[in-house]
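# Survey of secondary and tertiary structure
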Amino acid sequence: MTSARKVLVLGGLILATFGMLYGLHYAVFVEHQTLDRMGGSLTQAFVSAAERNTAGAHDAVDQYASVKYGYVRQVDVHSHWIGLAMLLIVLGVAFDRVAFSERARMWIAMALLAGSFAFPFGVILQTVSDGARYASALAILGTATVTIALAAIAWGFAR
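Parameters and conventions
Residues numbered from 1 in each chain as written. Predicted model: local features only at pLDDT ≥ 70, side-chain atom pairs only at ≥ 80, totals over all residues. Heavy atoms only, no water. pLDDT = per-residue confidence, 0-100. Helix = DSSP H or I, 4+ residues; strand = E, 2+ residues; numbered from the N terminus. Axes fitted to C-alpha atoms, helices over the stretch in contact; angles between N-to-C directions. Parallel < 35°, antiparallel > 145°, perpendicular 65-115°, else oblique. Left-handed = near helix turned anticlockwise from the far one by under 90°. Contact = heavy atoms within 4.5 Å. Nonpolar A, V, L, I, M, F, W, Y, C, P; charged D, E, K, R; others polar. Core = buried A, V, L, I, M, F, W, Y, C linked by side-chain atoms within 4.5 Å. Buried < 20%, exposed > 50% of the residue type's maximum accessible area, 1.4 Å probe, protein only. Patch = residues over 30% accessible without salt bridge, like charges linked within 9 Å, V, L, I, M, F, W, Y side chains within 5 Å. Areas by Shrake-Rupley, 256 points an atom, 1.4 Å probe, with all protein chains shown as cover. Salt bridge = Lys/Arg side-chain N within 4 Å of Asp/Glu carboxyl O. Phe/Tyr/Trp six-rings, centres within 6.5 Å; stacked < 30°, edge-to-face > 60°.

Quick look at the confidence of the model for the chain now. Looking at the chain, the pLDDT average stands at 92 and 98% of residues meet or exceed 70. Within the chain, helix α1 (residues 3–50) carries the highest mean pLDDT (94), whereas helix α4 (residues 133–158) carries the lowest (91).

Right, dumping it as structure tokens:
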């Protein structure tokens, strides 16, 4: 097994394990409280609306939107890490067929692994600080890195 294949397969296995452990942690320790806050916000919005308290209803809906924003990103993070990990493993199996030198394949494998970690990590950082530009930039950089590496692999298979 070449070094580039090892990076992809082992990196994919580590990333999948990390994503599954993160998802398990979130499901056991965080998700139920988050869903409770979402339900409480909606309940408060309906109660406020029934009482004709427009400001209270708007505040409750805003609170729901904020909690929902974080919830969606937390669920996305764990699924993106696992999905990208599976992609790394599958590419690792056939990576020796890419028509590049071993050095080029190693650079592509490292870029894929780095981008596969950076993209979901940038998404999770978005939940830490609303509107954080560094988090969005990291997610975009990770996405671009994976996209460019995949384009290079497709070009290498076509040669």
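Read on for the rest.
For the pair α1 and helix α3 (residues 102–128), the least separation of the axes is 8 Å and the interaxial angle reads 15°. One finds that α1 runs roughly parallel with respect to α3. Pair α1 / α3 crosses with left-handed handedness. Residues Ser3, Ala4, Val7, Leu8, Gly11, Leu15, Phe18 and Tyr22 of α1 lie in contact with α3, whose contacting residues are Glu102, Arg105, Met106, Ala109, Met110, Leu112, Leu113, Ser116, Phe117 and Ile124. Along the lines of polarity and charge, the residues of the contact of α1 with α3 split into 13 nonpolar, three polar and two charged.

Moving on: the nonpolar core. Ranked by internal contacts, the top residues of the largest apolar core, which has 25 residues, are Leu8, Val77, Phe95, Ile108, Ala109, Leu112 and Ile153. Counting residues per element, the ones that place at least two in this core are α1, α2 (54–94), α3 and α4. Sequence-distant contacts of Ile108, that is, excluding residues within four places in its chain, are made with Phe95, Phe100, Ala149, Ala152 and Ile153.

Taken together, the side chains of Leu21, Leu24, Val28 and Phe29 present a nonpolar region at the surface, about 430 Å² in accessible area. Along the chain, the position of Leu24 falls in helix α1.

As a further point, take the pattern of salt bridges. Overall, the coordinates contain two salt bridges when judged by the stated rule. Arg5 serves as the salt-bridge partner of Asp96, at 3.1 Å between the closest nitrogen and oxygen. Within this pair, whereas Asp96 is found in the loop between α2 and α3, its partner Arg5 is found in helix α1, the two being separated by 91 residues in sequence.

Our focus in this paragraph is unusual backbone geometry. The phi angle at Arg52 is positive, at roughly 60°, despite the residue not being glycine. Assignment of secondary structure puts Arg52 in the loop between α1 and α2. Classification of Arg52 as exposed rests on a relative accessible area of 75%.

Turning our eyes to something else, we now look at the packing of aromatic side chains. Summed over the entire model, instances satisfying the criterion amount to seven aromatic pairs. For the pair Phe100 and Trp155, a centre-to-centre distance of 5.7 Å together with 35° between the ring planes defines the contact as tilted. Of this pair, Phe100 sits in the loop between α2 and α3 while Trp155 sits in helix α4; the two residues are 55 residues apart in sequence, bridging distant segments of the chain. On the basis of relative accessibility, which here comes to 18%, the residue Phe100 falls in the buried class. Members of the aromatic cluster, joined through ring pairs, are Phe18, Tyr22, Trp81, Phe117 and Phe121.

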